[in-house]
Amino acid sequence: MNKWVKDHQKILIILFFPYILLLFLLLTPTNFSLTAPGGLTPVDENIEIDNHELPSNFYTIYVMSYHPMTPFQKMVAEVSERMNVSPMTIREEDTSWIDQYMQGQMTKEVSFNTSVIKAYELAHIKDPSITVTYDYLGALVYYRPSRLNTLEIGDLITGINGQSLLDLSYDEFINMFYAFNEVQLEITNENETKTVTYEKQEDEAWMLFYPKYVIRSTTPNIEFTNNNPFIGGPSGGMIQTLSIYAGLLNINLGDTKIAGTGTIEIDGSIGRIGGITQKLYTAMDENADIFIYPFGHISDIPNLNYPYEMVVVKTIEEAVNWLHETFE
Amino acid sequence: MKHLNKWIDQVYKFYHRYRNILKIIDSKVTTKIVLKSVLFALLISLLIVLIPVLISINLFIYNKLDMILSIILLIILTGWGLLFFKFYYTLLKSYEPSLEDVNVKLPMLVEGSLVSFFLCVLGIIVISVIF
């Protein structure tokens, strides 16, 4: 071994420096995050409704999100106009990979529950036999500064400054939370209750929450069957709602491939999402016929030659009306 | 039946040749030499595969390349098994000059193939779970 090393000393020294440089380029984290085009997920593969078949026309769009990215990934991504490289936000810098995964799974569950509630409520107007009952339980922690190690992503907040969240609406809780510099949060997880004091600091990002709704009963029964752990986030909410709605009312959509993105809120509004440009490219690559997106993104749409029809919606009621007008 | 007997006979002879070579190697090397060879073979083979593995992992930002990159990683993983045993026996010979006349190609290929096959099956299982 020693003899071999001595014989090849020169070449080993020459190779050592490019090797270390390559390792640096491939391993060192930068302060940048990347959003790249992803793929489509058929909604009907993930949801089952008793005695109803979900239409196979609806697809949610996922994009690839990485942070922190390596210098090599940054060099490769900057060449492509389809990818977005941007400096990491304070929240991204403060969020570990595990926290990011938990955020994705938590928001996916919240999004599914809200989709079911909205789709059943809207379908109930057309067919009163379709019903849903649900309760508001409190607020889920989506982001908290990592210094608050007693607070986990997905913790359920049931009280604020001694007041139960059941006595407040979700919006009232949010207003109250941001009004104070120091708040006492009551957390309830599986029969265990704890109190966490949160004091706001100027140099850190504010906490973010999602409302927690629990579905008590649905007629017909609905189940989330295929929970892919590699895909997370709330951006499929609107398209999931439309798919469930069309399935409940047996709306015939022919063979139109409908891709879309946008979060769903309990008041029916469609919220903004991340990586809209990459989602537009993904829909192009996957040969979608129609692309539905939130009104909040109307100024973000790049001027490209889109091979599909673009539909912009502000609320789920607008999206449902568009569905009836187009396919009935 | 005659072909089967001939084939079994060949496998039996091959196994005995392999066992005999292993016995010769075992009688000539010490635990210290084996340990040194294993550690350095691991180090060299890992340093060789590290860069292509990291490049493949970095390129997963291209969603459309997922399948191709997974197959490349599987090939690298399988090749690593063979590479490790290649370096292991080369180093063994280098540390123990009396092994110079022993034909180590047979155990190198047998053990390398077995480990590579195991890693390949493991990789296929992981890829099937992911996709």
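This one's a predicted model, so the numbers in the text were calculated from it and none came from an experiment.

Rules and cut-offs
Residues numbered from 1 in each chain as written. Chains lettered and ligands numbered in written order. Predicted model: local features only at pLDDT ≥ 70, side-chain atom pairs only at ≥ 80, totals over all residues. Helix = DSSP H or I, 4+ residues; strand = E, 2+ residues; numbered from the N terminus. Buried ≥ 20, exposed ≤ 12 C-beta atoms within 10 Å, placed from the backbone. Contact = placed C-beta atoms within 7 Å. Rg over C-alpha atoms; globule rule 2.2 N^0.38 Å. Expected span 1.5 Å × (residues − 1). Core = buried A, V, L, I, M, F, W, Y, C linked by C-beta atoms within 7 Å. Pairing = 2+ DSSP bridges. Axes fitted to C-alpha atoms, helices over the stretch in contact; angles between N-to-C directions. pLDDT = per-residue confidence, 0-100. Parallel < 35°, antiparallel > 145°, perpendicular 65-115°, else oblique. Left-handed = near helix turned anticlockwise from the far one by under 90°. Nonpolar A, V, L, I, M, F, W, Y, C, P; charged D, E, K, R; others polar.

S.K.: Is there a simple way to think about the overall build of chain A in this case?
M.R.: When you go through chain A residue by residue, the secondary structure sums to nine helices and 16 strands. Dimensions of chain A, computed from C-alpha atoms along their principal axes, come out at roughly 85 × 55 × 40 Å. Within chain A, the fraction of its 328 residues that count as buried is 33%. Counting contacts in chain A only where the partners sit at least 6 residues apart, residues at least 24 apart contribute 73% of the total.

S.K.: Explanation requested: the overall build of chain B in the structure shown.
M.R.: Scanning chain B from N- to C-terminus turns up four helices and zero strands. The secondary structure elements of chain B, listed N-terminal to C-terminal, are α-α-α-α. Relative to the compact-globule value of 14 Å for 131 residues, chain B shows a C-alpha radius of gyration of 19 Å, a clear excess of over 25%. Principal axes of the C-alpha set define a box for chain B whose edges measure 50 × 45 × 20 Å. Taken across its 131 residues, chain B has 15% of its residues classed as buried.

S.K.: How should helix α7 (residues 237–248) of chain A be read in this particular structure?
M.R.: The α-helix advances 3.6 residues per turn, and as a result positions three or four apart in sequence lie on the same side. The end-to-end C-alpha distance of α7(A), which contains twelve residues, comes to 16 Å, matching closely the 16 Å that a straight helix rising 1.5 Å per residue would cover. Counting buried residues in α7(A) gives twelve out of twelve residues, a clear majority hidden from the surface.

S.K.: Help me out: how do you make sense of the nonpolar core in this one?
M.R.: Within soluble globular proteins, side chains that are nonpolar generally end up buried alongside one another. Residues and elements named next belong to chain A. Formed by 51 residues in total, the largest nonpolar core has its most connected members in A119, M238, Y245 and I292. In this view, A119 contacts T241, I244, Y245 and L248; residues no more than four positions away in its chain are not counted. Counting 13 residues, the second largest nonpolar core, distinct from the first, contains V141, F173, L185 and Y210.

S.K.: Looking at this model, I keep getting lost on the interface of chain A and chain B. Mind explaining?
M.R.: Size of an interface, as often reported, equals the accessible area lost when the parts are brought together. Taken together, the contacts link 16 residues of chain A with ten residues of chain B. Among the elements of the structure, α2 (9–27), β1 (32–42), β3 (58–66) and α3 (71–79) of chain A are those that each provide at least two residues to the side of chain A that touches chain B. The dominant element in the side of chain A that touches chain B, judged by the number of residues it contributes, is β1(A), at five residues.

S.K.: Got a minute to help me understand unusual backbone geometry in this structure?
M.R.: All names here are of chain A. Look at the link from H67 to P68: it is a cis peptide, with omega at -5°. In this fold, P68 is placed in the loop between β3 and α3. Following T219, the chain continues to P220 via a peptide bond in cis, the omega torsion being -5°. Within the secondary structure layout, P220 lies in the loop between β10 (208–219) and β11 (222–224). Despite not being glycine, N161 has its phi angle at roughly 50°, a positive value.

S.K.: Honestly, the sheet that holds β3(A) in this entry has me stumped. Any pointers?
M.R.: All names here are of chain A. Spatial ordering of the open sheet is given by β4-β1-β3-β12-β15-β16, a layout of six strands whose pairing is mixed. Edge strands, defined here as strands with exactly one partner in the open sheet, are β4 (84–87) and β16 (309–313). Across the sheet, the axes of successive neighbouring strands diverge by a mean angle of 30°, strand direction being ignored. Pairing analysis gives four bridges linking β1 to β4, with the strands arranged antiparallel. The residue bridging T35 from the neighbouring strand is N84, located in β4. The strands that α7 touches are β3, β12 (258–260) and β15 (290–294); relative to β3, the one it contacts most, it runs at about 160°. Strand contacts of helix α8 (residues 276–285): β1, β3, β4, β12 and β15, with the helix running at about 40° to β1, the strand carrying the most contacts.

S.K.: Whenever I open this one, the environment of P211(A) confuses me. Can you help?
M.R.: Structurally, P211(A) can be placed in strand β10. Here P211(A) is in contact with Y136(A), A139(A), Y170(A) and I266(A), once residues within four sequence places are set aside.

S.K.: How should the confidence of the model for chain B be read in this particular structure?
M.R.: For any part of a model where pLDDT is low, the fine detail of the predicted coordinates should not be relied upon. All names here are of chain B. When the pLDDT values of chain B are averaged, the result is 89; 100% of them are 70 or greater. Helix α2 (residues 31–58) holds the highest mean pLDDT among the elements of chain B, 93, whereas helix α1 (residues 2–28) holds the lowest, 86. Interface confidence in the predicted complex, given as ipTM, is 0.80; pTM for the same model is 0.81.

S.K.: What's the story with the packing of helix α3 (residues 66–95) of chain B against helix α4 (residues 105–130) of chain B in this structure? I'm lost.
M.R.: A pair of packed helices is captured by two measures, namely the crossing angle of their axes and the spacing between those axes. All names here are of chain B. Running from N to C, α3 and α4 point in directions that differ by 155°, and their axes come no closer than 8 Å. By the angle class used here, α3 and α4 are roughly antiparallel. In this structure, α3 crosses over α4, and the sense of that crossing is right-handed. Judged by residue contacts, S70, L74, L77, T78, G81, L82, F85, K86 and Y89 of α3 engage P107, M108, E111, G112, V115, S116, L119, C120, G123 and I127 from α4. Here the residues of the contact of α3 with α4 sort into eleven nonpolar, six polar and two charged.

S.K.: What is the right way to read the environment of S111(A) from this model?
M.R.: Relative to the elements of secondary structure, S111(A) occurs in helix α5 (residues 97–126). For the pair S111(A) and Y143(A), spaced 32 residues apart in the sequence, the C-alpha separation amounts to 16 Å.

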